[in-house]
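# Observations on the model geometry
Here's the letter readout for the chains.
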Amino acid sequence: MLRWIDVIRFANQGNPKPDKVVEKSEAEWKAQLTPEQFYVTRQKGTERAFSSEMCSRFEPGQYACVCCDTLLFDSDEKFESGTGWPSFTQPAKENAIAYHIDNAYGMKRVETVCNTCGAHLGHVFPDGPAPSGLRYCMNAVALQKVEATTTLEKATFGGGCFWCTEAIFQDLEGVTSVVSGYSDGQLPNPTYKEVCSGRTGHAEVVQITFDPEKISYADLLRIHLTTHDPTTLNRQGADVGTQYRSTILTHNDMQRAEALKIIEEIQPNLEEKIVTDVKPFEVFYPAEAYHQNYYRNNPGQGYCAAVISPKLAKFRKLYQSRLKKASVAE
Ligand SMILES: [Zn+2]
């Protein structure tokens, strides 16, 4: 947390290094900004007090530089200062803002600018609330509100019959959707019958959409590798064929690195070697509508009752704390 002593040190001895630098000509800024934004951010202007309703709004979210989109403040650090300018006690990151001693108008003040693009934002004063004691007094026109959003991610796994894998992942808190389908084969838009022939090269997979703030990719991998048998090649129990292969189709390099790491983590718990494919994801074909939500819609069907129900019961016991509330009650 920055305090006044840090602000003075930055202003006198040099500012923290920004993550990146954005430089544009005056003409480029003029073309991009409204006249008021240009006047405040590029010409060190000050908006009229109480001219923006941003002062009295405290909804969750973040505030970014109106010039370069760099995140500057979080709504958690916003407070009602009564000054008529939006006020914060702390920047979003310690290197988000740069500080300069400002002797204009016969006052000694500390000017704050966006550390990425140099936009004038306002001033900072040592009369803010505890614990930082700072009051960042900002021009509302220099800021843009960024709504609180989470970016959902995708994971694509194959672990035998997708009726099974879908039922398992649907249960997890943080998983927003699971679609059964086919991937990693040659024939575009294959049918279930074609995939079952074993000649299209596809694996039966589920494509999972998840909120990484609620469940991590690493935990999805752990659950995937412990709820099917990753040591049997092209086979899960009585289901035999390449379409039932154990696979992790990764959507980026980070997922790939994570998959290799978690396989190494799980391996010592297993007697046989893990044969799970780890390959870059290319294309996904959703399966026919009747395969979606198969277990939920057909719990009494022979395979569901004999194979999926016991597997699901075991999974729910093992991962009880990770289930959606509705699943625990079932
Ligand atoms: Zn900026």
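Every chain is numbered independently, its residues counted from 1 as its sequence is written. Whole-chain, interface and lining totals are the exception, using all residues; otherwise, since this is a predicted model, local features are given only for residues with pLDDT of at least 70 and side-chain atom pairs are given and counted only at 80 or more.

A few words now on the overall build of the chain. Numbering of helices and strands runs from the N terminus; a helix is a DSSP stretch of H or I covering at least four residues, while a strand is a stretch of E covering at least two. For the chain, the helix and strand inventory stands at 10 helices and 17 strands. At 28 Å, the chain has a C-alpha radius of gyration far larger than the 20 Å of a compact globule built from 330 residues. Seen through its C-alpha atoms, the chain measures out along the principal axes to roughly 85 × 45 × 35 Å. With C-beta atoms placed from the backbone, a residue is labelled by how many other C-beta atoms lie within 10 Å of its own: buried for 20 or more, exposed for 12 or fewer, partly exposed between the two. Among the 330 residues that make up the chain, the fraction classed as buried is 36%. Within these notes, the globule rule equals 2.2 Å times the number of residues to the 0.38 power, and the radius of gyration is based on C-alpha atoms.

To continue, consider the environment of C304. Note that C304 resides in helix α9 (residues 302–318). Once the C-alpha coordinates of C304 and Y294 are considered, the two residues, 10 residues apart in sequence, prove to be 8.7 Å apart. What C304 contacts, discounting residues up to four positions off in sequence, is W163, Y295, N298, P299 and S309. Once C-beta atoms are placed from the backbone, any two residues with those atoms within 7 Å are in contact.

Strand β10 (residues 153–159) sits mainly inside the fold: five of its seven residues count as buried. Bridging between β10 and strand β12 (residues 203–210) involves five bridges; their strand directions are antiparallel. Within β12, the position partnered with T156 by the bridge is Q207. Bridge analysis of β10 against strand β15 (residues 246–250) gives four bridges, and the strand direction is antiparallel. Along β15, the bridge assignment pairs F157 with I248. Note on pairing: two strands pair once DSSP finds at least 2 bridges between them.

Attention now goes to helix α6 (residues 217–227). Every buried residue of α6 is listed here: Y217, L220, L221, I223, H224, L225 and T227. Elements in contact with the buried residues of α6: β10, α4 (162–170), β12, β15, α7 (253–266) and α9.

The subject of this paragraph is unusual backbone geometry. Of note, the amide linkage connecting A130 to P131 takes the cis form, showing an omega dihedral of 5 degrees. Topologically, P131 is positioned in the loop between β7 (120–125) and β8 (135–138). Although it is not a glycine, N189 adopts a positive phi angle of roughly 45 degrees. Mapped onto the elements, N189 comes out in the loop between β11 (175–183) and α5 (192–196). The phi torsion at N234 lies on the positive side, around 50 degrees, for a residue other than glycine. Structurally, N234 can be placed in the loop between α6 and β13 (235–236).

This part covers the domain arrangement of the chain. According to the domain assignment, the chain contains domain 1 (4–147) and domain 2 (153–319). Start and end positions for the domains come from either an automated domain assignment or a database one. Each of domain 1 and domain 2 has a C-alpha centre, and these two points are 48 Å apart.

All right, on to the packing of α6 against α7 then. Describing two packed helices takes the angle between their axes plus the distance from one axis to the other. The axes used here are C-alpha line fits, helices contributing only the stretch in contact, and every angle between their N-to-C directions lies in the interval 0 to 180 degrees. At their nearest, the axes of α6 and α7 sit 10 Å apart, and the two run at 45 degrees to each other. Accordingly, the angle class assigned to the pair α6 and α7 is oblique. Every pair of crossing elements has a handedness; the one defined by α6 and α7 is right-handed. Only Q255, E258, A259, I262, I263 and I266 of α7 make contact with α6, whose side of the interface consists of Y217, A218, L221, R222, L225 and T226. All amino acids are sorted into three groups, where Ala, Val, Leu, Ile, Met, Phe, Trp, Tyr, Cys and Pro are nonpolar, Asp, Glu, Lys and Arg are charged, and the leftover types, Gly among them, are polar. Residues of the contact of α6 with α7, tallied by class, amount to eight nonpolar, two polar and two charged. Here roughly perpendicular refers to angles of 65 to 115 degrees, roughly parallel to angles under 35, roughly antiparallel to angles over 145, and oblique to all remaining angles. Crossing handedness is read from the near helix: turned anticlockwise from the far helix by less than a right angle, it gives a left-handed crossing, and turned clockwise, a right-handed one.

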